[in-house]
Every structure is written in structure tokens, then in C-alpha cells.
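# Chains, contacts and geometry: an overview
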Amino acid sequence: MSTLTTPAPGTAAAPLRIGPHTVAPPVVLAPMAGITNAPFRTLCREFSGGKGLFVSEMITTRALVERNEKTMQLIHFDATETPRSIQLYGVDPLTVGKAVRMIAEEGLADHIDLNFGCPVPKVTRKGGGSALPYKRNLLRAIVREAVTGAGDLPVTMKMRKGIDDDHLTFLDAGRIAVEEGVAAIALHGRTTAQHYGGTADWDAIARLKEHVPEIPVLGNGDIWSAEDALRMVRETGCDGVVVGRGCLGRPWLFADLVAAFEGRTDAYVRPALREVADVMVRHATLLGEWIGDEARGVIDIPKHVAWYLKGFAVGSEMRKRLAITSSLAALRAGLDELDLDQPWPAGADGPRGRTSGNNRVVLPDGWLKDPYDCAGVGEEAELDTSGG
């Protein structure tokens, strides 16, 4: 289902093959709950010129099978999105299989990614997310059902290093992925215990690449700039990168990534505040069109305001005001009061989003006693949350 090719001289990485799909440059937008909906994917895709792979928010398999109204909206793709990529989260092999077959039979997507990276305590305490790969047999059963049910659709998976440094799972999980027909695998170089704190372990990405040479390995973690992406490929030998928090409030990072992988490092986007404001208004407009309600679209913007305005000289009162606007006109008016000629601020390319650690890992009782016993995972583990 996948093809590895040797990078051409002078390039950072060859195009990525995921089943029948060519991803060039090999850049993937990481699924993020409440962020990577169709409007945000549209923005990122526009800046990339349509290059790369842009994955949906995480979809809970049980909610999909039950055709939950909110979930059905989340799997809506813009007509210009290709390939259409859905990330699924599930803990029950049979339910995962049903969800995948539904996607394949109804033509709901062109690519399926499986989430085994969520570190949220309310998920891991039920044995889901990044806790699940510790149970090797359960992981294998889920992946097998997904690949079998997908038919011709390629299935990939995303995971973390393990639960903590004493319970690493990524090498075993990578071998299971190969044996069960997964098309590519992405590794976030952190454990569940690290949450989003500390520094991502890129050496683990390199180890996984050496361990599973049969399929593409994608690296994830601490890619804050296009140069970080190039460095990750160079240092780990990975076949592509998955970018999450680095693009928060900065969808034009995908323009930088395309330029970097194409050798045009002098073409990076450094927007003045005026251009950032225009993107904010367009983002809110797209949200309103997607939801079908302009006011609700603007209400979804507050979570993005701090990310978009990071580093710019904008007072706290104005930031609060922009975060509570109720119409596009009010949002535009507030932005127009700013000094829109401010250039892109130094240091604004650095870390953004969640950076704190969470060293307490919550697991089901006795979870670590046996890495193969599958008991203890119930349907309540399928919560509408995401991360990884």
C-alpha cells in the first residue's frame, strides 16, 4: 500500500506515497480537536497551493457508526479537498471495523488515519489513546480490522513513544503496523507522561525509521518552523513530517514548508499585521459558512486570537475585545483600530499552543501488569476528545 523512494540530489525528502496518493512535499497537517475543521484545513491548503495532506479532526468511531449529527458535520470536506483524509479514534476492534467499512462503502474519505496518540487523562484512564498500544494484542486487532475493512483505502496510524520511559511501545507498535498492512506510521516523539512538555525525542523517530524500513515513517513534535522540518528529515531520515501546534494562528506555515522542501528558502511568508488581520477575518468567514451561521463562526474565533496576534503590540484589553466579538463587522472594525503596519515580530515563529507537561498518567487498574491482555477497555473510552 505504500512506496518508498530515494530523495533526489539536493532535496530534503522524496514525495511520500500513501497507497495511491502522492504527497509532495511530504508534509501532513496533524489532527487537532476543535482546530483542524474544514475551514482551517482550507486556509492551510490555500497557503500550500494545494500541496501536502490535511487530516480531519479526530472522529470517534462509535459516534460515526451511530451517525451522530455533530460527527457527520466534522467529516464534511470541501469540494476542493483531495485526498480526503479522516482520522479515527476507537478502542473496540469491531466498532473500528464498522466505521472503516462505512467510510469505504459510502465513499466518505480517501485515506484513514488511526489515532493512538491522545494523552488526555480522561481517555487514558479508560485504556484509550496513547495508553492503548501497551496492549499489543488489542492494538493488532484494531489495526487488522481497520485495514481489512478499508479495502483499497490506505490506512495509516499515529502514536507516541509509549506511556513513559519505562513503558515504551513504539518499536513493537511499528512492527505490528507493518505486519498488519499499515501504509505509513507517524511518531510523536513524546511519551504520554510528557504530554506536550519537554522536548520531543527525534532520536526515537530515527530508531523507528530503522526498525520499520518497509513503510514510510513520519516525524512529529517541535516543528515550529520550516527549518525545523528540514532538520528533522535530515537528522532522523524520516520520510515526512506531521505539523500540529506550529501552525496555530499561522496557517501560512504550510507555504513556508512547501518552499523549504522545494529549496526556495527565500520565499518564506512573514506577514505584517494587516495581512494577519485579513486571514483572521477570512478564517471567521469560512467558519460561519461551514456552520451556516455567521455569529457562531465568529464565536469560534476567540481560541485563535492569541495565536494569530502572538508577538504583535496589541494591548490586553483589545485582545479581550477581539475575543468576544459577535459579528464579522465588529471583528473587522476592531482589527482596523490596530497599527496594521506592524511587521512580523521577531520570535513569533517559536512554540505556541500547549507546552506544559503532565507527568501523572492515569490508567485503568492493573493496566501495566500484562502488555498482551486486552481486558479492561470499554466503550466509555470513546470520548469526543483528541490530541497526540
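Structural notes, computed from the coordinates. (Residues numbered from 1 in each chain as written. Predicted model: local features only at pLDDT ≥ 70, side-chain atom pairs only at ≥ 80, totals over all residues. Heavy atoms only, no water.)

Summed over the entire model, instances satisfying the criterion amount to six cavities of 30 Å³ or more. Computed from the structure, the second largest cavity encloses a volume of approximately 110 Å³. Forming the walls of the second largest cavity are 15 residues, and the residues nearest its centre are Val28, Asp113, Thr156, Ala186 and Leu218. When residues of the lining of the second largest cavity are traced back to their parent elements, those giving at least two are β5 (53-60), β7 (111-116), β8 (155-160) and β9 (184-188). (1 Å grid on protein atoms, 1.4 Å probe; cavity = no way out; pocket = protein on both sides within 12 Å on 5 of 7 lines; lining within 4 Å. Points joined across faces, edges and corners; volume = space filled by probe spheres on them. Helix = DSSP H or I, 4+ residues; strand = E, 2+ residues; numbered from the N terminus.)

A few words now on the pattern of salt bridges. Tallied over the full model, the rule gives 28 salt bridges. Between Glu214 and Arg175 there is a salt bridge; the shortest N-O distance is 3.0 Å. With Glu214 in the loop between α8 (202-211) and β10 (217-220) and Arg175 in helix α7 (residues 170-179), the pair connects residues that are 39 residues apart, well separated along the chain. A relative accessible area of 41% places Glu214 in the partly exposed class. According to the relative accessible area criterion, Arg175 is partly exposed, its value standing at 23%. The partner of Arg332 in a salt bridge is Asp336, with the nearest N and O atoms 3.1 Å apart. With Arg332 and Asp336 both in helix α15 (residues 328-336), this residue pair falls four residues apart, about one helical turn. The exposure class assigned to Arg332 is partly exposed, which follows from its relative accessible area of 24%. (Salt bridge = Lys/Arg side-chain N within 4 Å of Asp/Glu carboxyl O. Buried < 20%, exposed > 50% of the residue type's maximum accessible area, 1.4 Å probe, protein only.)

Function-wise, these values are silent; they only describe arrangement.
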